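As a plain string of letters, each chain reads:
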Amino acid sequence: MGKMERSTDDGAVSADGEVAKEVSSRRTSSNAWCMAGCEADRHVRALSGRIEALTGISRQHYEQYQVLRYDPSQRYVRHHDYVPRPGQTFAEPHGPRVLTVFLYLSDVESGGETAFTDLSPPIAILPKRGRALVWPSVLADDPTTQDARTHHEARPVGRGVKLAANTWIHLHDYRLPNLWGCTGAFEG
């Protein structure tokens, strides 16, 4: 796994589809990406197998795991995991993010909830080691349309450290287009 660095938001998209990374006060955690050596670890492979069994979707559709650290007062304000590309005139070969799988790797003494602000009623899930959340980014009957109900936020950690990992699952194979630089990200 790479070194933890300040988390970024997506910035502007270049003419050839590359997405700039932007440090933002909206997102104050640190993160690292689970790349080749990390992904080959037997525990990580077993975890991916469990997610495949749960979702029925091949790991070829998954982005690399993002490992997150939230120290006290760190947060990620309300956002959505569906990534629109305004003005883009071509369909991305991997399709949109259809599911998020979020894994809590630690308990937190206070704060740090994942809150779904647009559900009725809104809900907030406390970090608990071993807990996994799965939510859709798109509508079940139209997997190219954002499900606006799943806006969410990582509330500020009060006491303790929140460790977590997530992967985003795409409609189509993500790995091959990413290998060829066709996903807008050049992280691996």
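Structure: above.
Residues numbered from 1 in each chain as written. Predicted model: local features only at pLDDT ≥ 70, side-chain atom pairs only at ≥ 80, totals over all residues. Heavy atoms only, no water.

Assigned secondary structure in the protein chain consists of three helices and 16 strands. For the protein chain, buried positions account for 43% of its 188 residues. Sequence separation of at least 24 residues holds for 74% of the intrachain contacts in the protein chain that already meet a minimum separation of 6. Carbon and sulfur atoms make up 55% of the accessible area of the protein chain, which totals about 10000 Å². (Helix = DSSP H or I, 4+ residues; strand = E, 2+ residues; numbered from the N terminus. Buried < 20%, exposed > 50% of the residue type's maximum accessible area, 1.4 Å probe, protein only. Contact = heavy atoms within 4.5 Å. Areas by Shrake-Rupley, 256 points an atom, 1.4 Å probe, with all protein chains shown as cover.)

Turning to the state of the cysteines, a few remarks are in order. Tallied over the full model, the rule gives one disulfide. The residue that forms a disulfide with Cys-34 is Cys-38, at a sulfur-sulfur distance of 2.0 Å. Between Cys-34 and Cys-38 the sulfur-sulfur dihedral comes to about -100°; the bridge is accordingly left-handed. Across the pair, exposure class does not vary: Cys-34 and Cys-38 are buried alike. (Disulfide = S-S within 2.5 Å.)

Our next topic: the sheet that holds strand 7 (residues 97-104). The sheet built from six strands is open, its strands ordered 1-4-5-16-7-11 with antiparallel pairing. Because the sheet does not close on itself, it has two edges, and the strands there are strand 1 (5-6) and strand 11 (132-136). Contacting strand 7, strand 11 and strand 16 (162-170), helix 2 (residues 42-55) runs over the sheet at an angle of about 130° to strand 7. (Pairing = 2+ DSSP bridges. Axes fitted to C-alpha atoms, helices over the stretch in contact; angles between N-to-C directions.)

Read from one edge of the open sheet, four strands run 6-14-9-10, paired in antiparallel fashion. Of all strands in the sheet, those with a lone pairing partner are strand 6 (76-79) and strand 10 (123-125), marking the two edges. The sheet shows a mean angle of 15° between the axes of neighbouring strands, direction not considered. Sheet topology places strand 9 (residues 114-116) next to strand 14 (residues 152-154); two bridges connect them, and they run antiparallel. Of the residues in strand 14, the one forming a bridge with Ala-115 is Glu-153.

Evaluated as defined, the whole model comprises four aromatic pairs. Measuring from centroid to centroid gives 6.5 Å for Trp-33 and Trp-168, while their planes differ by 50°, and the two rings are tilted. Of this pair, Trp-33 sits in strand 4 (residues 30-33) while Trp-168 is found in strand 16, placing the two residues 135 residues apart along the sequence. A relative accessible area of 22% means that Trp-33 is categorised as partly exposed. When the centroid spacing of 6.3 Å and the interplanar angle of 35° are considered together, the rings of Phe-102 and Trp-135 count as tilted. Of this pair, Phe-102 sits in strand 7 while Trp-135 is found in strand 11, placing the two residues 33 residues apart along the sequence. Stacked on the ring of Trp-168, the Lys or Arg Arg-97 has its end atom at 3.7 Å from the ring centre. (Phe/Tyr/Trp six-rings, centres within 6.5 Å; stacked < 30°, edge-to-face > 60°. Lys NZ or Arg CZ within 6 Å of the ring centre and 35° of its normal.)

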